[in-house]
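# Structural overview
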Amino acid sequence: MSSAKTVIRGTSKKNIRQAAEILRSGGIIVFPTETVYGLGADATNDEAVKKVFKIKGRPADNPLIAHVATLRQAKSLTKDFPETALKLANRFWPGPLTLVLEKNGIVSNFATCGLQTLAIRVPDNKTALELIGSAKIPVVAPSANLSGKPSPTSVSHVVEDMGGTVDMILDGGDTSYGIESTIVDLTSGAPKILRLGSISKRDIEKVIGTIGVSGTEHGAPKAPGMKYTHYSPDAEVVLIKEPDALEKIQHLYLAYTQNKEVAVMTFSEFEASFANLKTITVSSIKDPAKYMHDLYRTFRQLDKEVGVILVHEVPETEEWAAIADKLAKAADRTV
Ligand code: TXA
Ligand code: MG
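Note that the structure is predicted; figures quoted are calculated from it, not measured. Counting restarts for each chain: residues are numbered from 1 in the order of the written sequence. Here chains are named by letter from A upward and ligands by number from 1 upward, in the order in which they appear as written. Local features are withheld for residues below a pLDDT of 70 in this predicted model, meaning they are given only at 70 or higher, and side-chain atom pairs are given and counted only at 80 or more; totals for whole chains, interfaces and linings count all residues. With hydrogens and water set aside, each side-chain value is computed from the structure's full complement of heavy atoms.

### Some details on the sheet that holds strand S4 (residues 65-67)
Paired through backbone hydrogen bonds, the strands of a sheet run either parallel or antiparallel to each other. Keep this limit in mind: Between any two strands, at least two bridges found by DSSP are needed for them to pair. Think of it this way: any DSSP run of H or I at least four residues long counts as a helix, any run of E at least two long counts as a strand, and we number them from the N terminus. Throughout, a residue-residue contact means that at least one pair of heavy atoms, one from each residue, lies within 4.5 Å. Lines fitted to C-alpha atoms define the axes here, with helix axes fitted over just the stretch in contact, and angles between the N-to-C directions of these axes take values from 0 to 180 degrees.
Spatially, eleven strands are ordered S1-S8-S2-S3-S7-S4-S6-S5-S9-S10-S11 in an open sheet, and the strand pairing comes out mixed. Only two strands of the sheet have a single neighbouring strand rather than two, namely strand S1 (7-9) and strand S11 (212-213). The pairing of strand S5 (residues 97-102) with strand S9 (residues 182-185) spans four bridges and is classified as parallel. Looking at the pairing, Leu 99 lines up with Val 184 of S9. The sheet strands contacting helix H2 (residues 46-56) are strand S3 (38-42) and strand S7 (139-140), and the helix crosses S3 at an angle near 155°.

Below, the structure is given as structure tokens:
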């Protein structure tokens, strides 16, 4: 796709104001958030919302998150803002937490795919907040990748997927977290985590007590988007589990390398074990935040270089849970 038509701008006040005008007139703006880049449109404008689905190649039954600048604006889009929502919003907004609440009629039905609920968050990014504040409208924004690709954490990723198809990209540099927001549903009985993200289950439990994660129980409802393949590189991704992961990686590398380029994704502690292989060390095994920050970038990079990615599994602890979930979704098979 050509990037010829897409304007890429820095995040000066003037550029943000111009981007806000484009949003208000039904255009599409890619903007940075603290999690990943978003593909933004006026949430109240049916035609603008439909464009977002078209540009992303997004299935029509996968609803969008409305981004707002303040708690007050969030309340203005909902029927009811229960006590639990208030506690979570007060603790985590602005920040990478999305709340699913009963909606009123303000946001386009195309954004919510006809559901009675709306996903909302206040992003913790200066440019995003200025953009939404200046446009004075709620902004729907899925991650600014083509459906099925890893979410973009820098403008170069956005251009790979969206160059030429959006009206403007605001370049705010690398996003700080690198994976998407955590989604909590507050509309169906007990609160439930629909998608693990950069805020952990434990962080949420500190505020509202024990919470379940959807997908861990049989038949549990999930975010509609969770049924689609996500975050998947074109390369074959093989997730290598303990025990004996090091031996398995050596063995599979030899087998695959007969007819494909292969790379190993592991931790800096194991670099020496794979000295003879093409290896990417995403982070130390003690640094989930760094791993999170670089995960999608690493997938995108390796996808250009190899046909097979052997991913060393991450620790089975709470702080790695969101990453483990992303890896499991990206994996074509597990060994
Ligand atoms: O960090 C993020 O959340 C990023 C940045 C750009 O804000 N956005 C993002 O949006 O990840 P997207 O569209 O890629 O993922 C939104 C997820 C989907 O899985 C969708 O099914 C779910 O949110 N979702 C949206 N509305 C929902 C609703 N009313 N009920 C349940 N799930 C919903
Ligand atoms: Mg996405």
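### Some thoughts on the packing of aromatic side chains
Inclusion rule: Aromatic contacts are taken between Phe, Tyr and Trp rings whose centres are within 6.5 Å, Trp giving its six-membered ring; a plane angle under 30 degrees counts as stacked, one over 60 as edge-to-face, and the others as tilted. In this scheme, a residue with accessible area under 20% of its type's maximum is buried, one over 50% is exposed, and one in between is partly exposed, where area comes from a 1.4 Å probe on protein chains only. Each ring is checked for a lysine NZ or an arginine CZ that lies within 6 Å of its centre and within 35 degrees of its normal; such an atom marks a charge sitting over the ring.
A full pass over the atoms with the stated rule returns five aromatic pairs. Here the aromatic rings of Phe 267 and Trp 320 are separated by 5.6 Å at their centres, their planes lie at 85°, and the arrangement is edge-to-face. Of this pair, Phe 267 sits in strand S13 (residues 262-267) while Trp 320 sits in the loop between strand S15 (308-312) and helix H11 (321-330), placing them 53 residues apart in sequence. According to the relative accessible area criterion, Trp 320 is buried, its value standing at 2%. Taken together, Phe 267, Phe 270, Tyr 291 and Trp 320 form an aromatic cluster joined through their ring pairs. Looking at Lys 50, its charged tip hangs above the ring of Phe 110, at a distance of 4.8 Å from the centre.

### Observations regarding the packing of helix H1 (residues 13-24) against helix H6 (residues 126-135)
In plain terms, the rule: With respect to orientation, any angle under 35 degrees is reported as roughly parallel, any angle over 145 as roughly antiparallel, any angle of 65 to 115 as roughly perpendicular, and every other angle as oblique. Two helices that cross are described as forming a left-handed crossing if the nearer one is turned anticlockwise from the farther one by less than a right angle, and a right-handed crossing if clockwise. Gly is placed with the polar residues, together with every amino acid not listed as nonpolar (Ala, Val, Leu, Ile, Met, Phe, Trp, Tyr, Cys and Pro) or charged (Asp, Glu, Lys and Arg).
Between H1 and H6, the shortest axis-to-axis distance is 8 Å and the interhelical angle comes to 50°. Here H1 lies oblique to H6, going by the angle between them. In terms of crossing hand, the pair formed by H1 and H6 is right-handed. Residues Lys 13, Ile 16, Arg 17, Ala 19, Ala 20, Leu 23 and Arg 24 of H1 pack against Thr 127, Glu 130, Leu 131, Ser 134 and Ala 135 of H6. Looking at the contact of H1 with H6, its residues break down into six nonpolar, two polar and four charged.

### Description of the pattern of salt bridges
Rules: By definition here, a salt bridge exists when the distance from a side-chain nitrogen of Lys or Arg to a carboxyl oxygen of Asp or Glu is within 4 Å.
Per the stated rule, a full pass over the model turns up 18 salt bridges. Here Lys 326 makes a salt bridge to Glu 180, at a shortest N to O gap of 3.4 Å. Of this pair, Lys 326 sits in helix H11 while Glu 180 sits in the loop between strand S8 (168-170) and S9, and the two are 146 residues apart along the sequence. A single salt-bridge network, built from bridges that share partners, covers Glu 160, Asp 161, Arg 300 and Lys 304.

### With respect to the side chain of Arg 58
Selection criterion: Only four residue types enter the tally: Lys and Arg on the positive side, Asp and Glu on the negative side, with His and both chain ends excluded.
With respect to the helices, strands and loops of the structure, Arg 58 is situated in the loop between H2 and S4. Buried and unpaired, Arg 58 has no salt bridge, with Asp 61 as the nearest side chain of opposite charge at 7.9 Å. Leaving out residues up to four positions away in the same chain, Arg 58 has contacts with Phe 53, Pro 63, Leu 64, Pro 142 and Ser 147.

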